[in-house]
Amino acid sequence: PISILGPDSRAKNESIWCSKDHAASWDMAMHGAAPKGDTGCDLSSLGRNSELAQKLRVSGTPALFFMDGTRVPGYMEAADIEAHIAAAKK
């Protein structure tokens with residue numbers, strides 16, 4: 001996860017990352033509830049994810065990267081995604 005969805009995004013990501021059930025905590029956050037995570041877990045991965053997102057200029061979701069170097073910063077039709085994958089297989 002990267003913290004790009006608003007001012008409280010980092011706190012939510014920390015709670016989700018530190019929870020015992022990531023999927024349930026993610027679901028809670030996506031439905032507007034505050035996920036409850038444990039304290040004291042290793043958050044270094046969140047920092048590395050943020051650094052990588054900045055390096056790759058990811059500022060929203062979805063963000064797609066293809067083998068040919070194409071970067072798509074947003075929605076893309078499934079048929080177009082499949083075409084990129086098929087082209088990479090050649």
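Predicted model only: the values in this text are computed from it and were never measured.

Draft legend 1. Main features of the overall build of the protein chain. Helix and strand counts for the protein chain stand at four helices and two strands. Over its C-alpha trace the protein chain gives a radius of gyration of 16 Å, far above what one expects of a compact globule, namely 12 Å for 90 residues. For the protein chain, the spread of C-alpha atoms along the principal axes amounts to about 50 × 25 × 25 Å. Each of the 90 residues in the protein chain was classed as buried or not, and the buried ones make up 18%. Excluding contacts between residues fewer than 6 apart, the proportion of contacts in the protein chain whose partners are at least 24 apart in sequence is 29%. Counting only carbon and sulfur atoms, one obtains 57% of the accessible surface of the protein chain, whose full area is about 6,500 Å². Across the protein chain, the centroid of the 10 positively charged side chains sits 5 Å from that of the 11 negatively charged ones.

Draft legend 2. Here's a closer look at the environment of Pro7. If you trace the backbone, Pro7 turns up in the segment before helix 1 (9-17). The class for Pro7 is exposed, based on a relative accessible area of 89%. In the structure, Pro7 is positioned 56 residues away from Ala63 in sequence and 20 Å away in space, judged by C-alpha atoms.

Draft legend 3. Spotlight on the state of the cysteines. Counted by the stated rule, this structure contains one disulfide. The side chain of Cys18 participates in a disulfide bridge whose partner is Cys41; the two sulfur atoms lie 1.7 Å from each other. Of note, the bridge from Cys18 to Cys41 carries an S-S torsion of about -50 degrees and is left-handed in sense. Of this pair, Cys18 sits in the loop between helix 1 and helix 2 (22-30) while Cys41 sits in the loop between helix 2 and helix 3 (44-55); the two residues are 23 residues apart in sequence, bridging distant segments of the chain. By relative accessible area, Cys41 is classed as partly exposed at 27%.

The rules behind the values
Every chain's residues receive numbers from 1 upward, in the order its sequence appears when written. Thresholds applied to this predicted model are a pLDDT of at least 70 for local features of residues and 80 or more for the giving and counting of side-chain atom pairs; totals over whole chains, interfaces and linings are not thresholded and use all residues. Calculated side-chain values reflect all of the structure's heavy atoms, with hydrogen atoms and water omitted. Each helix is a run of DSSP H or I of at least 4 residues and each strand a run of E of at least 2, with the numbering of both proceeding from the N terminus. What the globule rule says is 2.2 Å times the number of residues to the power 0.38, and the radius of gyration is computed from C-alpha atoms. When a residue's accessible area, from a 1.4 Å probe over protein chains only, is under 20% of the maximum for its type it is buried; when over 50% it is exposed; and in between it is partly exposed. Whether two residues touch is decided by their heavy atoms; if any such pair falls within 4.5 Å, the residues are in contact. Calculation of accessible area relied on Shrake-Rupley with a 1.4 Å probe; when residues are assessed, cover is drawn exclusively from the protein chains displayed. As used throughout, the charge tally considers Lys and Arg to be positive and Asp and Glu to be negative, leaving His and the chain termini uncounted. Taken as the charge centre is NZ of Lys, CZ of Arg, CG of Asp or CD of Glu, depending on the residue. A pair of cysteine sulfur atoms is labelled a disulfide when the two atoms are within 2.5 Å.

Nothing here speaks to function; it is geometry throughout.
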